[in-house]
Amino acid sequence: MNYIESILLGVLQGFTEYLPISSSGHLAIASHLFGIDAEQNLSFTVLVHVATVLSTIVILWKEIVWIFRDLFASQSWKSFAGLNAGTKYAVNIVISMIPVGIVGLFFKDYVDSIFGSGTTVVGICLLVTAALLSFSYYCKPQPKENISMLHAFVIGIAQALAVLPGLSRSGSTIATGLLLGNRKESLAQFSFLMVIPPILGEALLDFKELFAADVQQASCSTGVLLAGFISAFLAGCVACKWMISVVRRGKLIYFGIYCFIAGLLTLIFL
C-alpha cells in the first residue's frame, strides 16, 4: 500500500463510518479495486478504525463529559428511575453493547467463515441497508421522548448484525431506532456514542491477533500508516458533524437510494 492508497482508504473509512452506507463494505470494494489484501494490512485497518473513534470523541466531547459528570454525581442507585439523565444514558449504551459483545467474542469468526467479505455479500448487504433506510424514512411511528432500555437493546442487536460487510452500522442502528419511534434528534448522537466501546474492543482484539501472529507482513511503512490515520480522523470529524445534522433533517432516503445503486453495481460488475 502506498501513500495515495492509504489516504484514499483513510478518507473512505472516515466518511463511511458515519454515513449510513457501510464502511466495511466500501473498504472491501476499494481494496478489491486496488488489489489490496486486507488481511495483509491488518495494522492499517486497526489504525483507521481507532482514528474514527477519536473523531467521535472530539466532535461529541461535550456529551461524553456530561455522561461522566453525571456518573460520578451523587444519586440513588436503588432503581433506574432514581438515576440522573447522564447515568441513564450510560446504562443504555452498556445495554446496547451486549449483543455486539456476544457476537464479537463468540461468533465473529463463525460469521466471517460463512459470509466472508466478498463483494457478493457486500452487494446484498448494501441492498438490505437501502431497504432499512427506506423503511425508516416512510414509516412514521408515534415519537417517543427518550430511548428506553428495551429499545437500546434492540438497537444493539441491529449493531451486532452489522458485522456483515455492506450492512451499515450507523444506518442499521439509526434506522432501527427510527422504526421504534425514537426521536431523530437524539438517535445519531446515541448511535455514534454506542459504537465507541465496540470499535475500541475490536481494535484491541485485532492488535492481539496482530502481535500474536507477529504480523510484520503489513507491507505499510510508518509514514503510510500515519497518512491513513490522519486522513481517517479528519474525514471522520467532518462526517460525524454532518451526519448528525442530516439525521435531524430526516434526509436518510438519499443514502438509501445510494446504497441501492451501489449494491446493484457491486453485484453486476464485481
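Criteria and thresholds
- Think of each chain on its own: its residues are numbered from 1, step by step along the sequence as written.
- The predicted nature of this model means local features are confined to residues of pLDDT at least 70 and side-chain atom pairs, given and counted, to a pLDDT of 80 or more, with totals for whole chains, interfaces and linings taken over all residues.
- As a rule here, side-chain values cover all heavy atoms of the structure and leave hydrogens and water aside.
- To obtain an axis, a line is fitted to C-alpha atoms, over the contacting stretch when the element is a helix, and the angle between two such axes runs from 0 to 180 degrees between their N-to-C directions.
- Here a strand is any run of E in DSSP of at least two residues, a helix any run of H or I of at least four, and the numbering for each starts at the N terminus.
- When describing relative orientation, an angle under 35 degrees is termed roughly parallel and one over 145 degrees roughly antiparallel, while 65 to 115 degrees is termed roughly perpendicular and anything else oblique.
- Here a crossing is called left-handed whenever its near helix is offset anticlockwise from the far helix by less than a right angle, and right-handed whenever the offset is clockwise.
- Two residues form a contact once any of their heavy atoms are found within 4.5 Å.
- Each residue gets one of three labels, nonpolar for Ala, Val, Leu, Ile, Met, Phe, Trp, Tyr, Cys and Pro, charged for Asp, Glu, Lys and Arg, and polar for the others, Gly among them.
- Residue exposure (1.4 Å probe, protein chains only): buried if accessible area is under 20% of the type maximum, exposed if over 50%, otherwise partly exposed.
- Polar contact is defined as a pair of N or O atoms within 3.5 Å, subject to the rule that within protein one atom must be able to donate a hydrogen and the other to accept it, and that residues adjacent in sequence are counted only when both atoms are side-chain atoms.
- Salt bridges, as used here, are contacts in which a Lys or Arg side-chain nitrogen is within 4 Å of a carboxyl oxygen on Asp or Glu.
- Note on terminology: disulfide denotes any pair of cysteine sulfur atoms within 2.5 Å.
- Here a Phe, Tyr or Trp ring, Trp counted by its six-membered ring, pairs with any other such ring whose centre lies within 6.5 Å, and the pair is stacked when the planes are under 30 degrees apart, edge-to-face when over 60, and tilted otherwise.

1. What about the packing of helix α6 (residues 119-138) against helix α12 (residues 253-269)?
In the contact formed by α6 and α12, the axes pass within 8 Å of each other and the chain directions differ by 160°. As judged from the angle between their axes, α6 and α12 are roughly antiparallel. Once α6 is placed against α12, the crossing between them reads as left-handed. Side by side, α6 and α12 meet where Thr-119, Thr-120, Gly-123, Ile-124, Leu-126, Leu-127, Thr-129, Ala-130, Leu-133, Ser-134, Tyr-137 and Tyr-138 of the first sit next to Ile-253, Phe-255, Gly-256, Cys-259, Phe-260, Ala-262, Gly-263, Leu-264, Thr-266 and Leu-267 of the second. Its residues assigned to classes, the contact of α6 with α12 comprises 14 nonpolar, 8 polar and no charged.

2. As for the side chain of Ser-136
Secondary-structure assignment places Ser-136 in helix α6. On the basis of relative accessibility, which here comes to 5%, the residue Ser-136 falls in the buried class. Of note is the side chain of Ser-136, whose polar atom sits 2.8 Å from the backbone oxygen of Leu-133. Residues contacting Ser-136, with those up to four places away along its chain left out, are Ala-175, Leu-178, Leu-179 and Leu-252.

3. Observations concerning the side chain of Ser-6
Topologically, Ser-6 is positioned in helix α1 (residues 3-16). By relative accessible area, Ser-6 is classed as buried at 0%. Residues in contact with Ser-6, not counting those within four places in the same chain, are Met-1, Phe-44, Val-224, Ala-227, Gly-228 and Ser-231.

4. Description of the pattern of salt bridges
Enumeration according to the criterion identifies 1 salt bridge in this entry. In this structure, the salt-bridge partner of Arg-169 is Glu-17, at a minimum N-O distance of 3.6 Å. In this pair, Arg-169 is assigned in helix α8 (residues 169-179) and Glu-17 in the loop between α1 and α2 (23-34), connecting sequence segments 152 residues apart.

5. Quick notes on the state of the cysteines
Enumeration over the complete set of coordinates arrives at 0 disulfides. In this structure Cys-240 is a free cysteine whose sulfur lies 7.7 Å from that of Cys-237, the closest cysteine sulfur available.

6. A short note on the environment of Leu-60
Structurally, the position occupied by Leu-60 is in the loop between α3 (42-59) and α4 (61-71). On the accessibility criterion, Leu-60 (2% relative accessible area) is buried. Once the C-alpha coordinates of Leu-60 and Gln-189 are considered, the two residues, 129 residues apart in sequence, prove to be 7.8 Å apart. Each residue touching Leu-60, except ones within four places of it in the same chain, is listed here: Gln-189, Phe-192, Leu-193 and Ile-244.

7. Examining the packing of aromatic side chains
One pass over the structure, following the stated rule, counts 5 aromatic pairs. Judged by centre distance (5.0 Å) and plane angle (90°), the rings of Tyr-18 and Phe-192 are edge-to-face. Of this pair, Tyr-18 sits in the loop between α1 and α2 while Phe-192 sits in helix α9 (residues 184-194), placing them 174 residues apart in sequence. For Tyr-18, a relative accessible area of 2% gives the class buried. On the basis of an interplanar angle of 90° and a centroid distance of 5.0 Å, the ring pair of Tyr-137 and Tyr-138 is categorised as edge-to-face. Clustering of aromatic rings is evident, with ring pairs tying together Trp-66, Tyr-89 and Phe-190.

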